[in-house]
Amino acid sequence: MDALTRYLDEHRDRFIEDLKAALRIPSVSAQPAHREDVRRCAEHIAGRLRAIGMTRAEVVATAGHPVVYAEWLGAPGRPTAILYGHYDVQPPEPLELWTTPPFEPVVRDGKLFARGAVDNKGQLYMHIGAIEAHLKVNGALPVNLRAIVEGEEECGSESLETFLRQRREQLSADVIVISDTGMLGPDQPSISYALRGILYTEIHVQGPAHDLHSGEFGGAVQNPGNALGVILAGLKDADGKVTVPGFYDRVRAIPPEEKALIKSLPFDEASFIRATGSSVAWGERGYSTYERTTVRPTLDVNGLWGGYAGPGSKTVLPARASAKVSMRLVPDQDPTEIFPRFEAQVKKLAPPGVTVEVKNLHGALPFITEPDHPALQAARRALARAWTKPPALIREGGSIPVCATFQEVLGLPIILMGFGLHDDNVHAPNEKFNLSSFHGGTRSVAYLYEELGAGVKAESHAR
Ligand code: BES
Ligand code: MN
């Protein structure tokens, strides 16, 4: 065993303790009440980066939540990598479904439970451990490194976009490294070469001017709750196709080589569906589950409210009903192009007697890169060293808004090397990270920096 690997092994328990300290900070970016916790978390991450020997660690204020920036530029002539991660987390609600509280991390059965355990504090701390190991064992990193850790990924990354555009001159680099994705199975390392984009909207349906007795008025006027049901039901047809006119216009056909690659993946559909607790798979007719969640776009209700939802019954016609609806997009769909079409379709589906408002909360372009790019080959070598199987090349259904921005603003290749599993409960109660995934991931990223240092001089990769 080399000295680097030995260091990682010897310090594995302390790496988990360091991570737990970050997990105790409830950095929920979507909720205004947590604003100060988010800032405190940024300070905490900056402090950690400073402690392991990164220089210029700073907490940069933005119009939204702060961005943490740090660098280590002690390897002149070597390539420069940008490590991107996020320290914000999704809301932990519903709290009553957590076995132990979301911000009191605990290890049970070799799994670390907490909000952010894998998405993304856990995966960020794999890098922090790996960087520490390199600096302690060798006194240097194999590459120059800039770390950018943001606090708004879970709500659209708007301030980071401004940060990147303002600093584009100072952010010279050769490659971007991100661990915020998953693996196909616990011993199947994976590299993601595509992510879906997103369009996130809210629909507000207004009916009568105020709530009404449902006996006195029921049957006489349009009920916004019923009307919202009609609208939502009309957004997808019986084949699972989105009915928004033009929605599929820009969806790229899958080339035959990629179809073959997808067929060869060790994707375990049965266990993927089993992890959801759903009785059957359901989605767009004519596509497999893997395709439905990666190469095909979709539309989903994320939240729904209106009328009385308390205990017992209340006979009322609500004046308003609302829904949060998001669409996952694939190359070359563009959220700014889709929003007006979606808005028009919602209004067209609305029955008479209600007024409908459609809001665009945020959007991100999909991301795709060349699976054979030299940067991804360095990642393949690193994963092959750290695991028993060679990595799979996969597409994933989630979104990391900054990927498309990185491509556009900095024109650099992006390595998505993540270690989450489908049963990690990300964005749900009881989020966890398997300790074996954390340690395998830490080793992988430590090797990745070595492989990148050995020479990835990436050409420009702008779209
Ligand atoms: N880590 C996820 C992205 C992800 C999820 C990649 C699953 C691959 C598989 C990230 O933190 C995330 O959840 N992003 C949000 C972005 C959105 C709020 C703009 C997402 O995908 O919902
Ligand atoms: Mn997330």
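Please refer to the structure higher up on the page.
In this report, we go over the structure that sits alongside the text. (Residues numbered from 1 in each chain as written. Chains lettered and ligands numbered in written order. Predicted model: local features only at pLDDT ≥ 70, side-chain atom pairs only at ≥ 80, totals over all residues. Heavy atoms only, no water.)

## What about the pairing of strand β7 (residues 175-178)?
As a general feature of sheets, a regular strand has side chains that alternate between the two faces.
Moving on, step 1. Every second residue of β7 is oriented toward a common face, with V175 and V177 on one face and I176 and I178 on the other, all of them buried.
Moving on, step 2. Pairing geometry for strand β3 (residues 80-86) and β7, over 4 bridges, is parallel. Counterpart to L83 in the pairing with β7 is V177.
Moving on, step 3. Sheet topology note: the β7/strand β17 (residues 414-416) ladder contains 3 bridges and is parallel. Residue pairing across strands places I178 opposite L416, the latter belonging to β17. (Buried < 20%, exposed > 50% of the residue type's maximum accessible area, 1.4 Å probe, protein only. Helix = DSSP H or I, 4+ residues; strand = E, 2+ residues; numbered from the N terminus. Pairing = 2+ DSSP bridges.)

## Brief notes about empty space enclosed by the protein
Moving on, step 1. By the definition in use, this model includes 2 cavities of 30 Å³ or more.
Moving on, step 2. Reported here for the largest cavity is a volume of approximately 60 Å³.
Moving on, step 3. Along the walls of the largest cavity sit L8, D9, R12, F15, H439, T442 and R443, which together make up its complete lining.
Moving on, step 4. Among the secondary structure elements, those contributing two or more residues to the lining of the largest cavity are α1 (3-10), α2 (12-23) and α13 (435-453).
Moving on, step 5. Counting residues per element, the lining of the largest cavity draws most heavily on α13, which supplies 3 residues.
Moving on, step 6. Residue composition of the lining of the largest cavity, grouped by class: 2 nonpolar, 2 polar and 3 charged.
Moving on, step 7. Empty space within the second largest cavity amounts to approximately 50 Å³.
Moving on, step 8. Taken together, G246, F247, D249, R250, Q333, D334, E337, I338 and R341 form the lining of the second largest cavity. (1 Å grid on protein atoms, 1.4 Å probe; cavity = no way out; pocket = protein on both sides within 12 Å on 5 of 7 lines; lining within 4 Å. Points joined across faces, edges and corners; volume = space filled by probe spheres on them. Nonpolar A, V, L, I, M, F, W, Y, C, P; charged D, E, K, R; others polar.)

## Quick look at the site of ligand 1
Moving on, step 1. Within the structure, ligand 1 sits among 15 residues, and D119, E153, D180, R328 and S399 are positioned closest to it.
Moving on, step 2. At 2.8 Å from a nitrogen atom of ligand 1 is found a main-chain nitrogen or oxygen belonging to S399.
Moving on, step 3. For ligand 1, an oxygen atom lies 2.8 Å from a polar atom in the side chain of H427.
Moving on, step 4. Protein contact buries 86% of the 510 Å² of open area that ligand 1 shows by itself.
Moving on, step 5. The residue inventory of the shell around ligand 1, partitioned by class, reads 3 nonpolar, 6 polar and 6 charged. (Near = heavy atom within 4 Å. Polar contact = N/O pair within 3.5 Å; in protein donor to acceptor, adjacent residues only side chain to side chain. Areas by Shrake-Rupley, 256 points an atom, 1.4 Å probe, with all protein chains shown as cover.)

## Thoughts on the environment of T55
Moving on, step 1. Structurally, T55 is set in strand β1 (residues 55-60).
Moving on, step 2. It is 19 Å that separates the C-alpha atoms of T55 and E169, two residues lying 114 residues apart in sequence.
Moving on, step 3. Apart from residues lying up to four places away in sequence, T55 is in contact with A70, E71 and W72.
Moving on, step 4. A distance of 2.6 Å separates a polar side-chain atom of T55 from the backbone oxygen of E71. (Contact = heavy atoms within 4.5 Å.)

## Digging into the coordination of the manganese ion (ligand 2)
Moving on, step 1. Taken together, D119 (OD), E154 (OE), E154 (OE) and H427 (NE2) make up the full set of protein donors to the manganese ion (ligand 2), lying 2.0 to 2.7 Å away.
Moving on, step 2. Its 6 donor atoms give the manganese ion (ligand 2) angles of 52 to 155° at the centre, a pattern that matches the irregular case.
Moving on, step 3. The sequence pattern describing where the donors of the manganese ion (ligand 2) fall on their chain is D-x34-E-x272-H. In this pair, E154 sits in the loop between β6 (144-150) and α5 (158-167) while H427 sits in the loop between β17 and β18 (432-434), placing the two residues 273 residues apart along the sequence.
Moving on, step 4. Residue E154 is classed as buried on the basis of its relative accessible area of 14%.
Moving on, step 5. According to the relative accessible area criterion, H427 is partly exposed, its value standing at 40%. (Donors = N, O, S within 2.8 Å, 3.2 Å for Na, K, Ca; no water. Tetrahedral: all angles 85-135°; square planar, octahedral: opposite > 155°, others 65-115°.)

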